[in-house]
Amino acid sequence: MYNFEFERPGSVAEAVAALKSEEAQALGGGQTLIPTLKQRLAAPAKLVSLGGIAEMKGVCLNDDGSLSIGGGTTHAEVARAAAAHYPALAALAGGIGDPAVRNRGTIGGSLANNDPSACYPSAALGSGATIVTDRREIAADDYFQGLFTTALDEGEIITSVRFPVPEKANYQKFLQPASRFALVGVFVAHYAGGTRIAVTGASEDGVFRWSAAEEALASGAALDGMAPEADGMIADLHGTKAYRAHLTGVLTRRALQAMA
Amino acid sequence: MPKDSGIGASSKRREDVRFLTGAGNYTDDINIHGQAYVHFLRSDVAHGRIVSLDTSAAAAMPGVVRIFTGADFEGVGGLPCGWQVTDRHGQPMAEPGHPVLAQGKVRHVGDPIAAVVAESPEQARDAAEAIEAEIEELPAVIDMKAALAEGAAKVHDDLPSNLCYDWGFVEENKGAVDAAFAEAAHVTTLELVNNRLVANPMEPRVAIGDYARATGESTLYTTSQNPHVIRLLMGAFVLGIPEHKLRVVAPDVGGGFGSKIFHYAEEAFCTFAAKALARPVKWTSSRSEAFMSDAHGRDHVSKIELALDADNNFTALRTETYANMGAYLSTFAPSVPTWLHGTLMAGNYKTPLIYVNVKAVFTNTVPVDAYRGAGRPEATYQLERVIDKAARELGVDPIALRRQNFVTEFPYQTPVAVVYDTGDYNATMDKLEEIADIAGFAARRAESEARGKLRGLGVNCYIEACGIAPSNLVGQLGARAGLYDAATVRVNATGSISVMVGAHSHGQGHETAFPQVVAEMLGIDESMIEIVHGDSSKIPFGMGTYGSRSLAVCGSAMVRATEKIINKAKKIAAHLMEASEADIELKDGQFSVAGTDKSVAWGDVTLAAYVPHNYPLEDIEPGLEETAFYDPSNFTYPAGAYACEVEVDPETGKVTVERFSAADDFGNIVNPMIVSGQVHGGLGQGIGQALLENCAYDPETGQLLSASYMDYAMPRADDVPFYAVDHSCATPCTHNPLGVKGCGEAGAIGSPPSVVNAVIDALQSGGKAVTHIDMPMSPSRVWSAMQG
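Criteria and cut-off values
- Residues numbered from 1 in each chain as written.
- Chains lettered and ligands numbered in written order.
- Predicted model: local features only at pLDDT ≥ 70, side-chain atom pairs only at ≥ 80, totals over all residues.
- Heavy atoms only, no water.
- Pairing = 2+ DSSP bridges.
- Helix = DSSP H or I, 4+ residues; strand = E, 2+ residues; numbered from the N terminus.
- Axes fitted to C-alpha atoms, helices over the stretch in contact; angles between N-to-C directions.
- Contact = heavy atoms within 4.5 Å.
- Core = buried A, V, L, I, M, F, W, Y, C linked by side-chain atoms within 4.5 Å.
- Buried < 20%, exposed > 50% of the residue type's maximum accessible area, 1.4 Å probe, protein only.
- UniProt positions renumbered as here; feature names shortened; annotations may be inferred.
- Buried area = accessible area lost by both parts, 1.4 Å probe.
- Salt bridge = Lys/Arg side-chain N within 4 Å of Asp/Glu carboxyl O.
- Polar contact = N/O pair within 3.5 Å; in protein donor to acceptor, adjacent residues only side chain to side chain.
- Nonpolar A, V, L, I, M, F, W, Y, C, P; charged D, E, K, R; others polar.
- Parallel < 35°, antiparallel > 145°, perpendicular 65-115°, else oblique.
- Left-handed = near helix turned anticlockwise from the far one by under 90°.

**A closer look at the sheet that holds strand E15 (residues 300-308) of chain B**
All names here are of chain B. Pairing in this open sheet of five strands is mixed, and the strands run E7-E17-E16-E15-E8 from one edge to the other. Sheet topology places strand E7 (163-169) and strand E8 (186-194) at the edges, where each strand pairs with a single neighbour. Each strand of the sheet is rotated relative to its neighbour by a mean of 10 degrees, with strand direction disregarded. Against the sheet, helix H9 (residues 376-394) contacts E8, E15 and strand E16 (314-326), and its axis sits at roughly 140 degrees relative to E8.

Here is the structure:
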């Protein structure tokens, strides 16, 4: 990697200030950024680690029943601390990468990066979560804007994520054989107002809500044989567009079945 | 009761203590005072002409010692090829030059263009980025058949085409084979791809060159399976260093699987640069570099046809294979699709007529060479897939069809040159049916189907030629080296023993298994014996480890040297006990005089050899050290039968291996636990090839698509089942003193066809008319095949 300055502030305010300098880059758990730096694909002048900010860590149940997770909370901690409150979310966190990844990677880092094959974006979108930053709150439906693209502004930090807890939910992840990211992952959550279905790994535009299936469920229809359009799906060594579209249907039905 | 020491004991691997506790001494652990570091600037295009190369800015960067380009190597030899294949028309193969650093053109992504030597690895890399290389991109030659088409771009401008050779075997049989096909009652045809693989040893390659001005001696520390071969190739053909001024050391090596047999540009560079700069030069490959610079494996595209008579007897076999050589000829590349492949096309069957055609092709890809099994997996895969397809077409049991056509009498002269010495293919098939519980398959299938899964059973046999090899034979076939091996047994004064061997251990467990043999012969404790390997200045001129040859060839040399030790020790013992040499017996480390109670211990004799106060100096020399070279009279022929059971998820196409059983005949066995471990590892690699691993290039640009573990799927522990392995069916090899056959490659050779056969069986049981799926059978490929 190239040389860079390094800061490890102890508060959100200090982190925000540090990120104002030229070519500064926030560092969460580093599970994407560090390999990128090692391959010399990024050259930030300064890394601002968010790892020392206590106020950004932890899982807590709010008075309204929603679950807040600090942006700096590791996947392993979510898997442990959210299990009693939001089992599907905890299970998703416990299935990311391997133990080393789960003990370094953070929910804020994952959502800020918005990898099209990452697991967390589907949970946030599928739950209709709220992304809380140092300056505002962003609804998940507005937050995800395509591959590695989000509503975050330069230097904006995800301080926490607030999940409405559904009546029931399930995440189905079909592994890409090499990376074990989601070849396709489907997060389904049932709320009083209806069922939300969010799909990761499949689309060239990143995580998306499968609205047609949501509407079918709302009208009481079955999803048998249903799949999204193959057009716009990712095609690579591991799966064709048609395969990813097909898997989306299969995994959605399996999630619904697991919830039932 | 199992033995607890000597031949046949499952002695625990003594080397594992240091490997598992981080105390190993790998090449990267070696740091020499004053060493500089090299970073290679590698081509990021598949094919291009170097228009200009400006290193001036880079040379001025901090810490840069010197930058080398192809121009610095103009008076130096290229990397040699160790095997010359003669084509169907009696002409030698096309053999292009292989410069250490690119000269004029780059020919694959990863081809080294320049080398920056600097005070630190980071400075070397920084400066490499500052080199201004103008490269005019040329059309990339990737697909083999397109490469041979009229008007295709040429990888090597000085060759007539991209064809390396067009090989026919046995050419004289071609007419008879064609005639047999014309008369056949049934012909089964199959076209298939043997997917390109990356070896991926856990330890990436490393090289350190060192030059001693005082003595004029060069030393290369390198991650090699065969230090003497590297010394010979690099000294004689590349750098012109005589053997006595060149030492090659391969210390602990973390896996090779063939990819560390070959002589690589980085080794020659570090040795060359160390002398030019008069300071040590070190290179450590990154994993990314390994993907684009370690020789790849397999990559054959084949058509195979099997002719049968009305009684389902195999009457003829005909194959046509396109074998990818990559951009240059790696050290043993030409031999893999020919002599290590065509000679095995008979398999375990008495097919009387066989013709194999192989077209080796240059492409703008990383060179392809031997990878665990080397040619034999490609032969086995074609043969065992086409037999399975024939059985399905004919509606006969695939096991019965195989049994009907087994070779049953030995020695057996195949129609493809080799002679099988021993074997009992029905015995291994019987054993397989038992350990795989083939009788219980129907119940297991019903249970899977009740859960909505398809279950399939696939079986295959394999045979391989190991213990490579008889020098006079391989010489006739084009090898430019002998393939004997050597061992020196040095008995020390107090009776401990150092055995210096030409074989190299990089995971095989030689340090444990070899002493078991010597301990058995002398009747002393294994712990008194140590194996020394990997340093050309310490070991006799042996040819290293590959082709499952270590115990069969080098172990045989060790036996011969130990026999010489015993003969001399008996002379000494006879003198000490004032008895006749003919009456001396050696048992449990004691020399005794037959029919008396007189005896002397092993240690008394060894001490006498080195403190010869009371010693027959007029008859024998002092000391107790013997060397033997061993050149086998034939290959060895391990064989076996494998069975795989898979479940296929019909909704997703996901294949899971539920059971895998292997019944092998390895002849005699020195350490059953190590043999089981070798089979387990090989099966993992074979299942990896069948289901996961795929080295893919973009067909247009020649970019490596699977260039990291994000896209190259290695098998993990949960991708493989618990294995049932058995090696109790032993027909000892008849032409080496240990009766051993070799076990290192069997698992990788024998497993892919049964996995594919099992998936096809599963899909057909679900009513799908699928007859073939190319490896790796990823969920997407299986699902696509099921869509028809």
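**Things to note about the nonpolar core**
Residue and element names in this part refer to chain B. Judged by nonpolar contacts, the single largest core of 130 residues is most densely connected at Tyr165, Met325, Val646, Phe660, Leu691, Leu763 and Met777. Discounting chain neighbours no more than four positions away, the residues touching Leu691 are Val655, Val657, Val755, Pro776, Met777 and Ser778. Formed by 49 residues, the second largest nonpolar core is a distinct cluster that contains Ile529, Val553, Met558 and Val670.

**Describing the UniProt feature "domain: FAD-binding PCMH-type" (unreviewed entry) in chain A**
The positions UniProt marks with the feature "domain: FAD-binding PCMH-type" (unreviewed entry) are residues 1-168 of chain A. Overall, residues 1-168 of chain A shows 32% helix and 19% strand. The separation of its end C-alpha atoms is 44 Å.

**Structural notes on unusual backbone geometry**
All names here are of chain B. Between Phe169 and Val170 the backbone carries a cis peptide bond, its omega angle lying at 0 degrees. Relative to the helices and strands, Val170 resides in the loop between E7 and helix H5 (174-183). The linkage connecting Met775 with the following residue, Pro776, adopts the cis geometry, with an omega of -5 degrees. Unlike most non-glycine residues, Ala278 shows phi in positive territory, near 55 degrees. Although it is not a glycine, Ala417 adopts a positive phi angle of roughly 80 degrees. With respect to the secondary-structure elements, Ala417 resides in the loop between strand E18 (412-413) and strand E19 (419-420).

**Topic: the sheet that holds strand E11 (residues 194-200) of chain A**
Remark on secondary structure: sheet strands pair via backbone hydrogen bonds, oriented parallel or antiparallel. All names here are of chain A. Read from one edge of the open sheet, four strands run E9-E10-E11-E12, paired in antiparallel fashion. Single-partner strands in this sheet number two, and they are strand E9 (168-175) and strand E12 (208-209). Across eight bridges, E9 lies against strand E10 (residues 182-191) in antiparallel orientation. Across the sheet, the residue bridging to Asn170 is Val188, located in E10. Across the sheet, helix H9 (residues 211-218) is in contact with E11 and E12; its angle to E11 comes to roughly 160 degrees.

**Considering the interface of chain B and chain A**
Facing 24 residues of chain B, the contacting portion of chain A comprises 21 residues. Regarding the contact of chain B and chain A, the summed buried area is about 1900 Å², with carbon and sulfur atoms giving 51% of it. The tally of links between chain B and chain A comes to six salt bridges. Counting across the interface, chain B meets chain A through 16 residue pairs in polar contact (both at pLDDT 80 or more). Those elements giving two or more residues to the side of chain B that touches chain A turn out to be helix H3 (121-129) and helix H20 (779-786) of chain B. If one sorts the elements of the side of chain B that touches chain A by residue count, H3(B) sits on top with four residues. Across the side of chain B that touches chain A, the residue classes break down as nine nonpolar, four polar and eleven charged.

**Describing the packing of helix H10 (residues 398-405) of chain B against helix H11 (residues 425-435) of chain B**
Residues and elements named next belong to chain B. Where H10 contacts H11, the two axes come as close as 10 Å, and the packing angle between them is 160 degrees. Taken together, H10 and H11 sit at an angle that is classed as roughly antiparallel. Seen along the crossing, H10 lies across H11 with a hand that is left-handed. Contact residues: H10 offers Ile399, Arg402 and Arg403, while H11 offers Asn426, Met429, Asp430 and Glu433. Taken together, the residues of the contact of H10 with H11 break down into two nonpolar, one polar and four charged.

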